[in-house]
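Here is what each chain is made of, one letter per residue.
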Amino acid sequence: MSDPLLQSTLRELHTHLKRPRLWLVFALVVGLFVVTGPFGTYERLAFPTRLGYWLVLLAASWASALISIAFFDALLATRLPSRLGRMLVGAIVSALPVGLVISVINFALLIRPLNVLQIAENALVALPIGVSFSLLAWLSMSGTSDSVADGVADAGDSTALPAASPAISSAQEHDRGITAATSTDVPERPALLDRVPVDKRGTLIRLEVQDHYVLVVTTRGEELVLMRLADAMAEAGAGQQIHRSHWVSDTGVEAISRQGGKNPKLLVQTIDGKQLPVSRSQMPEVRTRWGSLTGG
């Protein structure tokens, strides 16, 4: 596996694992299986043993499925435009390793046979489970089901959730200031914000390329989105690309500064405290757009 693919897979795994809804559903599924004792486990296993059995089995199965889903999501990012489609491919492929995991655990704990036929049978059982898990993972990342909270965010509700990072806490005042100043003429919200969780949909500050992802930074937090920078900029609203890896919104610029020396540089300071380099080809446009913010 190449380093970029490995990094993208690990980043995708991290994105899934930090979703509280996945952990909540996992806990509910484990609880349901422990209480009901399907596949004869209620009769064969005492409660503590049944709890350990289903916890180990489901954790191992979900981990195998999640790794496969994350891997194929990253692998097919440039070949299959539908993220749900990529995740479903990973779920289907995961049926075989999940079937193997189930067979090994059943062999070790329930003294059941371990052979090709048993693995194939368990893989067929795992297939719909993997597909369901991929749908759950996709829904947990879409953020589209929170329509009520979305409406609150669109309306500019002053009761915002806490920022995700201390580095942007000072930018929240800037966000509220913009909302108050434009209360009679609210600009259309960038379409890009629909791709990030509701609690992070503040004023857009900047975009940054990270492998196959774009880091979307707002005054309420930051989120990695699997897309190209060019596509992200098309949905970002008013701003300027300052470097091949950086785009900054008009409301995200704090100041422009120069660095002297043999190779003078132009830097853009953003309201979240970052100093970003400006490529030579973008310098004229940056000076034209934000020249009034130039310092020493």
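Residues numbered from 1 in each chain as written. Predicted model: local features only at pLDDT ≥ 70, side-chain atom pairs only at ≥ 80, totals over all residues. Heavy atoms only, no water.

Draft legend 1. Local environment of the side chain of Gln 282. Tracing the backbone through its elements, the reader meets Gln 282 in the loop between strand E8 (275-277) and helix H10 (283-290). Of the residues examined, Gln 282 reaches a relative accessible area of 16% and is grouped as buried. Ignoring sequence-local partners within four residues, the contact set of Gln 282 consists of Gln 240, Gln 241, Ile 242 and His 243. (Helix = DSSP H or I, 4+ residues; strand = E, 2+ residues; numbered from the N terminus. Buried < 20%, exposed > 50% of the residue type's maximum accessible area, 1.4 Å probe, protein only. Contact = heavy atoms within 4.5 Å.)

Draft legend 2. How the structure looks around the sheet that holds strand E3 (residues 221-226). Strand order across the open sheet formed by five strands is E3-E2-E1-E5-E4, with antiparallel pairing between neighbours. What marks the edges here is a single partner per strand, and that holds for E3 and strand E4 (239-243). Neighbour-to-neighbour, the strand axes of the sheet open up by a mean angle of 20°, direction not taken into account. Sheet topology note: the strand E1 (residues 204-210)/strand E2 (residues 213-218) ladder contains six bridges and is antiparallel. Paired with Leu 207 across the strands is Val 216, a residue of E2. (Pairing = 2+ DSSP bridges. Axes fitted to C-alpha atoms, helices over the stretch in contact; angles between N-to-C directions.)

Draft legend 3. View of the packing of helix H2 (residues 20-36) against helix H4 (residues 47-75). Between H2 and H4, the least distance of the axes is 9 Å, while the angle of their chain directions is 140°. With respect to their mutual orientation, H2 and H4 come out oblique. By crossing handedness, the relation of H2 to H4 is classed as right-handed. Here Leu 22, Val 25, Phe 26, Val 29, Val 30, Phe 33 and Val 34 of H2 lie close against H4, whose contacting residues are Phe 47, Arg 50, Leu 51, Trp 54, Leu 55, Leu 58, Ala 59 and Trp 62. Taken together, the residues that form the contact of H2 with H4 break down as 14 nonpolar, no polar and one charged. (Parallel < 35°, antiparallel > 145°, perpendicular 65-115°, else oblique. Left-handed = near helix turned anticlockwise from the far one by under 90°. Nonpolar A, V, L, I, M, F, W, Y, C, P; charged D, E, K, R; others polar.)

Draft legend 4. Local environment of the confidence of the model for the protein chain. Across the protein chain, the average pLDDT comes to 79, with 81% of residues at or above 70. Of all secondary-structure elements in the protein chain, the lowest mean pLDDT belongs to helix H7 (residues 147-154), at 35, while strand E5 (residues 246-249) reaches the highest, 94. Overall, residues 178-186 carries pLDDT values under 50, and its contacts beyond four positions in sequence, including any with other chains, amount to four contacts. (pLDDT = per-residue confidence, 0-100.)

Draft legend 5. Here's a closer look at the pairing of E1. For E1, the buried fraction is high: five of the seven residues fall into the buried class. Hairpin remark: E1 followed by E2, antiparallel, with two residues in the connecting loop; positive phi at Asp 211, about 60°. Note: E1 against E5, three bridges, orientation antiparallel. Bridged to Leu 207 within E5 is Trp 247.

Draft legend 6. Representation of the packing of H4 against helix H5 (residues 83-110) in the model. The interhelical angle for the contact between H4 and H5, taken along N-to-C directions, is 150°, at an axis separation of 7 Å. The pairing of H4 with H5 is recorded here as roughly antiparallel in orientation. Relative to H5, the crossing made by H4 is right-handed. Class assignment for the residues of the contact of H4 with H5 results in 17 nonpolar, six polar and three charged.

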